Amino acid sequence: REAVEDNELPMNVVGFNAAISACAQAGDWQNAISILSRMEEATRENPSSYLVPPPDGITYGTVLAACERAEQWELVLKYAREMTMKSLDLDGIAVTSCLHACQQLGLADEALRYLEIMKSLPDVVEQTARLERTGARKPLSGPDAVAYRLAISACARGGAWKEGIRL
């Protein structure tokens, strides 16, 4: 970040997202959030800045992954709410992160809400010309067995066992 700004080298959102992804893979949620915060700050201070782009849905989703990997459950939900407030769509992977946070925190009602969000996700169109990256998580277009298990577990931990049974 400093090298980009100090030397006035423009970098697009993909570059920032790559840096956040590296943080996520290392479980370094603090630096992932720091980069996101700097992007937001730069956007507020100078919306027309060509040096630091505004964060997008991928930026936030990658921050969610970093927080999930580090078991920062409250932060997963905080940044998911921020995404929604900024009209950025949660994709299936982001919703799964939220369901995992709800399961860990025993938030039954919130887990059920995220499960409904996942049910309403549009079908995903492959954009990689059928090439698959090794180790890449596949996009979800609806709840899978993991999503249901997380929601059921959140209901059980949150004392809403009847809702869990209905799932």
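Summary of the structure given here. (Residues numbered from 1 in each chain as written. Predicted model: local features only at pLDDT ≥ 70, side-chain atom pairs only at ≥ 80, totals over all residues. Heavy atoms only, no water.)

On to the overall build of the protein chain. Of regular secondary structure, the protein chain possesses nine helices and zero strands. Going residue by residue from the N terminus, the α and β elements of the protein chain occur as α-α-α-α-α-α-α-α-α. For the protein chain, the proportion of its 167 residues judged to be buried stands at 38%. Surface summary for the protein chain: the accessible area is close to 9,800 Å², and the carbon and sulfur share equals 52%. (Helix = DSSP H or I, 4+ residues; strand = E, 2+ residues; numbered from the N terminus. Buried < 20%, exposed > 50% of the residue type's maximum accessible area, 1.4 Å probe, protein only. Areas by Shrake-Rupley, 256 points an atom, 1.4 Å probe, with all protein chains shown as cover.)

A few words now on the nonpolar core. Core analysis: the biggest nonpolar cluster contains 41 residues, and Met39, Val63, Leu64, Tyr79, Leu90, Leu99 and Tyr114 have the highest contact counts within it. Those elements giving two or more residues to this core turn out to be helix 2 (13-26), helix 3 (29-45), helix 4 (57-69), helix 5 (73-85), helix 6 (92-105), helix 7 (108-119) and helix 8 (145-157). With seven residues, helix 5 is the single largest residue contributor to this core. Contact partners of Leu64, with chain neighbours within four places excluded, come to Val76, Tyr79, Ala80, Met83, Leu90, Ala94 and Ser97. (Core = buried A, V, L, I, M, F, W, Y, C linked by side-chain atoms within 4.5 Å. Contact = heavy atoms within 4.5 Å.)

With that out of the way, let us pick up the pattern of salt bridges. Under the criterion given, the structure shown has five salt bridges. Between Glu110 and Arg81 there is a salt bridge, and its shortest N-O distance comes to 3.7 Å. Of this pair, Glu110 sits in helix 7 while Arg81 sits in helix 5, and the two are 29 residues apart along the sequence. Here Arg113 makes a salt bridge to Glu110, at a shortest N to O gap of 3.8 Å. With a gap of three residues between them, Arg113 and Glu110 both fall in helix 7, about one helical turn apart. Residue class for Glu110 comes out buried when judged on its relative accessible area of 19%. Connected through salt bridges with shared partners, the residues Arg81, Glu110 and Arg113 form a single ionic network. (Salt bridge = Lys/Arg side-chain N within 4 Å of Asp/Glu carboxyl O.)

This paragraph deals with helix 5. The end-to-end C-alpha distance of helix 5, which contains 13 residues, comes to 19 Å, matching closely the 18 Å that a straight helix rising 1.5 Å per residue would cover. All of the buried residues along helix 5 are Trp73, Leu75, Val76, Leu77, Tyr79, Ala80, Glu82 and Met83. Packing partners of the buried residues in helix 5 comprise helix 3, helix 4, helix 6 and helix 7. Once helix 5 ends, the next one or two residues include Ser87, with phi positive near 60°. (Expected span 1.5 Å × (residues − 1).)

Within the fold, Ser97 resides in helix 6. Take Ser97: its relative accessible area is 2%, and that puts it in the buried class. Looking at Ser97, its side chain comes within polar contact range of the side chain of Glu68, at 2.7 Å. Once residues lying within four places of it in the same chain are set aside, the contact partners of Ser97 are Leu64, Glu68 and Val76. (Polar contact = N/O pair within 3.5 Å; in protein donor to acceptor, adjacent residues only side chain to side chain.)

In this section: the packing of helix 5 against helix 6. Running from N to C, helix 5 and helix 6 cross one another at 135°; their axes reach a closest spacing of 9 Å. In terms of orientation, helix 5 and helix 6 fall into the oblique class. Handedness of the helix 5/helix 6 crossing: left-handed. Contacts between helix 5 and helix 6 involve Trp73, Glu74, Val76, Leu77 and Ala80 from the first element and Ser97, Cys98, His100, Ala101, Cys102, Gln104 and Leu105 from the second. (Axes fitted to C-alpha atoms, helices over the stretch in contact; angles between N-to-C directions. Parallel < 35°, antiparallel > 145°, perpendicular 65-115°, else oblique. Left-handed = near helix turned anticlockwise from the far one by under 90°.)

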